[in-house]
Structure formats: structure tokens, C-alpha cells
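Coordinate analysis (summary)
The chain contents come next:
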Amino acid sequence: MKPAPFDYVAPRSLDEAVAALAEGGTDAKLLAGGQSLIPLLNFRLARPALLVDLNRVAELAYVRPRNRGTAIGAMTRQATIERDRALSEKQPLLAEAIRWVGLDAQLGVVGPRGRRTVSADDFFVGYLSTALLSDEILVETWLPPLKPRTGQAWLEFARRHGDFALAGVAVSLSLEDEMVADARIVLTGVGGKPVRAREAETLLVGGSVHERASAAAEAARSAIDPDADIHATKEYRAHLASVLTERAILLAHERSLSRAPAALDVRRALEGMSRHA
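Anyway, here's the lowdown on the structure attached to this text. Note that the structure is predicted; figures quoted are calculated from it, not measured.

So, on to the environment of Lys234. Residue position: Lys234 is located in helix α9 (residues 234–258). In this view, Lys234 contacts Asp225, Pro226, Asp227 and Ala228; residues no more than four positions away in its chain are not counted.

This paragraph deals with the nonpolar core. Among the nonpolar cores identified, the biggest contains 33 residues, and Val169, Val171, Leu173, Ile185, Leu187, Leu204 and Ile249 are the most heavily contacted of them. Those elements that place two or more of their residues in this core are β11 (150–157), β12 (167–176), β13 (179–188), α7 (198–204), α8 (209–222) and α9. It is α9 that contributes the most residues to this core, eight residues altogether. With residues near it in sequence (within four places) discarded, Val171 still touches Leu93, Gly151, Gln152, Ala153, Arg184, Ile185, Ala248, Ile249 and Ala252. Counting 15 residues, the second largest nonpolar core, distinct from the first, contains Leu21, Val52, Val57 and Val110.

The next point concerns the packing of α8 against α9. Contact pair α8 / α9: the axes reach a minimum separation of 8 Å and the direction vectors enclose 150°. Classified by the angle between their axes, α8 and α9 sit roughly antiparallel to one another. Crossing hand, α8 versus α9: right-handed. Where α8 approaches α9, its residues Val209, His210, Ala213, Ser214, Ala216, Ala217, Glu218, Ala220 and Arg221 are matched on the opposing element by Glu235, Ala238, His239, Ser242, Thr245, Glu246, Ile249, Leu250 and His253. By residue class, the composition of the contact of α8 with α9 is eight nonpolar, six polar and four charged.

How each quantity is defined
Residues numbered from 1 in each chain as written. Predicted model: local features only at pLDDT ≥ 70, side-chain atom pairs only at ≥ 80, totals over all residues. Heavy atoms only, no water. Helix = DSSP H or I, 4+ residues; strand = E, 2+ residues; numbered from the N terminus. Contact = heavy atoms within 4.5 Å. Core = buried A, V, L, I, M, F, W, Y, C linked by side-chain atoms within 4.5 Å. Buried < 20%, exposed > 50% of the residue type's maximum accessible area, 1.4 Å probe, protein only. Axes fitted to C-alpha atoms, helices over the stretch in contact; angles between N-to-C directions. Parallel < 35°, antiparallel > 145°, perpendicular 65-115°, else oblique. Left-handed = near helix turned anticlockwise from the far one by under 90°. Nonpolar A, V, L, I, M, F, W, Y, C, P; charged D, E, K, R; others polar.

Below, the structure is given as C-alpha cells:
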């Protein structure tokens, strides 16, 4: 199928884009990567009267240090992030996860009423849904600096490379002495939005990773209610999420001890996981 007819504009500045979006009203849609929008257009599940293409808005493509953290423009290309060595040192979890497309980030949003900041927890609402209003544009993601002795890990499992993951987990651990001082665990592929496993985080803080990793993984499993589809049952997804969580916790802990954000050999990790999942 082909899209329904629509008007098209390609602004060259953020101000022009905001004005075009406001003029189009609720019948306007933003085109950035197009990974989700283009299929929806082709199947006529989305019928915008106007497409506002952001690909020529150069001011939205950047990676910059800011407030001791890192700011990334909304139109920054994936390849730019993958190849940025300084970014991989400052944000190892992002550098690891970005290769497998698809914590505590702050998202900058601009519209006719000005700029506002939305936390990642509040930004993602559900499947293909965010907290963006119809006349707003996502312009930036800001990632906080890492604490000393922080290790991070990202693991996911998909049937084939490039497929949507059946389950994925991101873990960030900060140590004081040999105990966990701070923990962040976020699960993906198990619902309409990323799920923060707060009870699992609480279990880890103040204790030994090796003594509490299994309990934390089980708590993460209890925090999700995944959907079933043709690729996996909800029970399998929940089990997979638990296995990935425990492995990611142990890997993040290993990296926090070594203080080295070494890249994960994902193939070897998945081969090992397949023997035990």
C-alpha cells in the first residue's frame, strides 16, 4: 500500500520546524528517522495532512558536554554515537546499547510555549506513545555523569540480529567499598514502555552483589507483566528477563571493580545464555 496524500515541508531551523508544526496542528507529524512512522503511513494507519521533516535541521545534531553530563541532539545519527570514543568513555552503557538498536536521562522538548524538560520515566507512555504534545519537538537527551566506581551493562536477546528484542535489560551499579551504593535496572521488550525494576534496585543497595543478584533478578521478574505474541509467551519473556537481569548485574559489578567500560562480547554472552536459559 501507499500513504494517503499529504503536504511536506523540510525546515532548516528549529524555529521554522516549530512554526510549521504549529501551523499544521493535530494533522501534522514529525519525520525524523521514520522507522515507525513510514510503515504506519504505508498501511494508512496514520494519515497526517502534513509531514515536517527534521533531517535538514542541523542545529539538532550534536554531542556536547554539559553540566558534567552529556547532551545529545535529537537528530544525531546513530553512527556518530557509535564512533564517538569520548562518549563511549563517559557513557559506556549508551555506547554498548546503541549497537543493538533500538537511566535517569532528561529529555529536552520545544514547542510554541517554549522549552521544558521531561524525565525518561515520564516521557515514554506506551506503544508508539510519548508525553510529547502535538505541537512539540524532542530536541535533546541529557545523560548525567557517572559516579566513581560505576559499572554498566546492556544485554538483550532477539531471534535474529536487528529484530526487536524478546527482552533486554540495562544495569548500572555504583560501589562504595565492596557494597552497592546505587543501582539502576531497566527492562525493555516486556511491555509498552521501559520498566524500571525499583524493588530489585532496593534489594541490591547496601549489600553484596554475589549474595543478592539472584533475588534482585527474581524481583525484576515480578515487576513485569509482558505481553504474549507469535514470538514468545509471556512466561518465556518473564523467564528470559530474569536470566538477563542476573547476568547483567554480575557483568556491571565486574566492570565496576575493574573501572573499565570494556565492550561486551555479545555473541559469547548469548551463546552462554542459550545453554542455561
